[in-house]
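# Inside the fold
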Amino acid sequence: MSKCCFECGISNTKEISVVYGYAVCNACKPHLGLYKDDTIRKAVKSYARKRELVPENPTYKEDVDYRLKILEERYIKARIKMLHIQARLKELA
Ligand SMILES: [Zn+2]
């Protein structure tokens, strides 16, 4: 199966890696803004400090899980809207 970079469309398989199910080329990968482990550890500690003051606050993991869930819901909602417009355009043409 041939994959091409979701960002730039390059399809040279030597340049492509799969990141969480998405094909990304070596040139585009650095622009994804992926956090280094140190950055993630700092965020974990920062959230833990806030929870010392407000125990109801989420852990970093809980917040990331929540954000992913919201992101997916927004993506699905926007996609349904676009698919509906696309379908209506076919019907109205
Ligand atoms: Zn690319």
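All values derive from a computational prediction rather than experimental measurement. (Residues numbered from 1 in each chain as written. Predicted model: local features only at pLDDT ≥ 70, side-chain atom pairs only at ≥ 80, totals over all residues.)

## As for the overall build of the protein chain
A count of helical and extended segments in the protein chain gives two helices and two strands. Going from the N terminus to the C terminus, the protein chain shows its helices and strands as β-β-α-α. On C-alpha atoms alone, the protein chain measures out to a radius of gyration of 19 Å, which is more than a quarter above the 12 Å that the 2.2 N^0.38 rule sets for 93 residues. Out of the 93 residues belonging to the protein chain, those deemed buried represent 5%. Restricting to contacts in the protein chain with at least 6 residues of sequence separation, those with at least 24 account for 0%. (Helix = DSSP H or I, 4+ residues; strand = E, 2+ residues; numbered from the N terminus. Rg over C-alpha atoms; globule rule 2.2 N^0.38 Å. Buried ≥ 20, exposed ≤ 12 C-beta atoms within 10 Å, placed from the backbone. Contact = placed C-beta atoms within 7 Å.)

## Here we look at helix H2 (residues 60-92)
Count 3.6 residues to each turn of an α-helix, and residues three or four apart come out pointing the same way. Here H2 contains 33 residues, and its C-alpha end-to-end distance of 47 Å stays within 8% of the 48 Å for a straight helix at 1.5 Å per residue. Counting buried residues along H2, only zero of its 33 residues qualify, which leaves the element largely exposed. (Expected span 1.5 Å × (residues − 1).)

## With respect to the pairing of strand E1 (residues 16-19)
In this sheet, strand E2 (residues 22-25) lies alongside E1 in antiparallel orientation, the contact comprising four bridges. Paired with serine 17 across the strands is valine 24, a residue of E2. Count of turn residues in the E1/E2 antiparallel hairpin: two residues, of which tyrosine 20 carries a positive phi of about 50°. (Pairing = 2+ DSSP bridges.)

## Looking at helix H1 (residues 37-53)
With 17 residues, H1 extends 25 Å between its outermost C-alpha atoms, agreeing within 8% with the 24 Å of an ideal straight helix rising 1.5 Å per residue. Along H1, only zero of the 17 residues are buried, which leaves the element largely exposed.

## Looking at the domain arrangement of the protein chain
Here the protein chain is described as being made up of domain 1 (1-33) and domain 2 (35-92). Computed from C-alpha coordinates alone, the two centres of domain 1 and domain 2 are separated by 23 Å. (Domains from an automatic or database assignment.)

## Quick look at the environment of cysteine 28
Tracing the backbone shows cysteine 28 in the loop between E2 and H1. A sequence separation of 47 residues divides cysteine 28 from tyrosine 75, and the C-alpha atoms of the two residues are 22 Å apart. Setting aside residues no more than four positions away along its own chain, cysteine 28 makes contact with Cys5, Glu7 and Cys8.

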